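Okay, here's what each chain looks like letter by letter:
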Amino acid sequence: MEEKFYRHEYKHEISELSKQILMKRLRKLLPHDEHVIGTHYHISSLYFDNIEDEAYYDNQDGNAIREKFRIRYYNQNLNFIRLEKKVKEYNAGYKLSTMLTKGEAKKMIQGDIFFLKDSNDPLKQDFYVNARTKLLKPKVIVAYDREAFAYKMGNTRVTLDYNMKASNRVHDFLETEAVMQRESDVACVLEVKYDTYLPGWIRELVQIAETTSCGHSKYMISRVLTT
């Protein structure tokens with residue numbers, strides 16, 4: 001598990017037209033990040049929440065400090081599955097992650113978490129404690145396409161997320177061809193992430209009429225879609 005590494009993150013819901021404008025603009029001036037195959041990659045995430053839906057309501061209420069756990073894989077590749085904990089603290093946050101085998105992920109989805117108790121991995125132990133004390137359960141699957149750009153200065157990443165779909169059939173998460181139940185009416189989410197500063201020219205590059213920061217949460221939107 002990595003050390004806590006705080007980053008700034010801003011999210012903006014934008015239209016299809018703005019997405020197309022930004023794609024053309026960013027492709028000319030920024031390189032894709034190392035994970036992109038062609039123009040984008042596909043992300044599949046399974047979010048957990050406790051019996052009181054604390055993560056959901058923390059986001060809905062805009063609480064300054066909040067956290068959530070998820071399992072994630074990319075491009076339908078079940079040989080590279082990660083457990084992640086995302087923490088928001090006021091205007092910055094951090095993400096911790098560790099690798100899972102397909103078997104471990106399947107057990108966690110089914111509620112069999114006791115194998116985590118004696119793990120040497122701090123994040124797996126953290127998940128175990130939360131699952132036992134707060135009764136964490138898998139709540140919703142979120143899947144979408146991402147086009148991602150990277151710039152070394154400021155460790156800056158600019159991403160465009162689109163084609164977002166959701167399902168509450170959580171036990172289908174490891175079925176790469178699982179049918180998603182609902183499609184979001186949000187055309188695209190622009191995310192800008194950086195460490196201590198955002199280079200000014202990138203700030204100008206992503207400016208369009210709609211880029212007003214918002215509290216977008218794929219988890220929260222997907223819960224609403226599948227309720």
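None of these values were measured; they are calculated from a predicted model. (Residues numbered from 1 in each chain as written. Predicted model: local features only at pLDDT ≥ 70, side-chain atom pairs only at ≥ 80, totals over all residues. Heavy atoms only, no water.)

### Concerning the overall build of the chain
Here's step 1: Scanning the chain from N- to C-terminus turns up 6 helices and 9 strands.
Here's step 2: Its C-alpha atoms give the chain a radius of gyration of 17 Å, within 12% of the compact-globule value 17 Å for 227 residues.
Here's step 3: Along the first, second and third principal axes, the C-alpha set of the chain runs to 50 × 35 × 35 Å.
Here's step 4: Out of the 227 residues belonging to the chain, those deemed buried represent 49%.
Here's step 5: Long-range contacts, defined here as pairs at least 24 residues apart, represent 70% of the contacts in the chain between residues at least 6 apart.
Here's step 6: For the chain, the exposed surface amounts to about 11800 Å²; the carbon and sulfur share of it is 49%.
Here's step 7: Of the charged side chains in the chain, 36 are positive and 33 negative; the average position of the first set lies 2 Å away from that of the second. (Helix = DSSP H or I, 4+ residues; strand = E, 2+ residues; numbered from the N terminus. Rg over C-alpha atoms; globule rule 2.2 N^0.38 Å. Buried < 20%, exposed > 50% of the residue type's maximum accessible area, 1.4 Å probe, protein only. Contact = heavy atoms within 4.5 Å. Areas by Shrake-Rupley, 256 points an atom, 1.4 Å probe, with all protein chains shown as cover. Lys, Arg positive; Asp, Glu negative; His and termini not counted. Charge placed at Lys NZ, Arg CZ, Asp CG, Glu CD.)

### Quick notes on the environment of V186
Here's step 1: Along the chain, V186 turns up in the loop between strand 8 (182–183) and strand 9 (188–194).
Here's step 2: According to the relative accessible area criterion, V186 is buried, its value standing at 16%.
Here's step 3: For the pair V186 and S15, spaced 171 residues apart in sequence, the C-alpha separation works out to 7.6 Å.
Here's step 4: Sequence-distant contacts of V186, defined by excluding residues within four places in its chain, comprise E13, H216 and I221.

### Some thoughts on the pattern of salt bridges
Here's step 1: On inspection of all chains with the given rule, the structure shows 21 salt bridges.
Here's step 2: Residue R27 is joined to E147 by a salt bridge in which the shortest nitrogen-to-oxygen separation is 2.7 Å. Of this pair, R27 sits in helix 1 (residues 16–29) while E147 sits in strand 6 (residues 137–151), and the two are 120 residues apart along the sequence.
Here's step 3: With its nearest N and O atoms 2.7 Å apart, the salt bridge here joins K85 to D126. Residue K85 is located in strand 4 (residues 81–89), and its partner D126 is located in helix 4 (residues 122–134); the two are separated by 41 residues in the primary sequence.
Here's step 4: A cluster of three or more residues bridged by salt bridges with shared partners is formed by E9, K11, K86, R146, D161, E191, K193 and K218. (Salt bridge = Lys/Arg side-chain N within 4 Å of Asp/Glu carboxyl O.)

### Here we look at the packing of aromatic side chains
What describes a pair of aromatic rings is the distance from one ring centre to the other and the angle between the planes of the rings.
Here's step 1: The tally for this structure, following the rule as stated, stands at 10 aromatic pairs.
Here's step 2: Look at Y6 and Y94: their rings are 5.1 Å apart centre to centre, the planes differ by 75°, and that puts the pair in the edge-to-face class. Separated by 88 residues along the polypeptide, Y6 in the segment before strand 1 (8–14) and Y94 in strand 5 (residues 92–100) bring together distant segments of the chain.
Here's step 3: Judged by relative accessible area, which is 38%, Y6 ranks as partly exposed.
Here's step 4: By relative accessible area, Y94 is classed as buried at 8%.
Here's step 5: Look at Y41 and Y74: their rings are 5.8 Å apart centre to centre, the planes differ by 65°, and that puts the pair in the edge-to-face class. With a gap of 33 residues between them, Y41 in strand 2 (residues 41–49) and Y74 in strand 3 (residues 65–74) connect regions that are remote in the sequence.
Here's step 6: A relative accessible area of 18% places Y74 in the buried class.
Here's step 7: We note K19 situated over the ring of Y162; from NZ or CZ to the ring centre the distance is 4.2 Å. (Phe/Tyr/Trp six-rings, centres within 6.5 Å; stacked < 30°, edge-to-face > 60°. Lys NZ or Arg CZ within 6 Å of the ring centre and 35° of its normal.)

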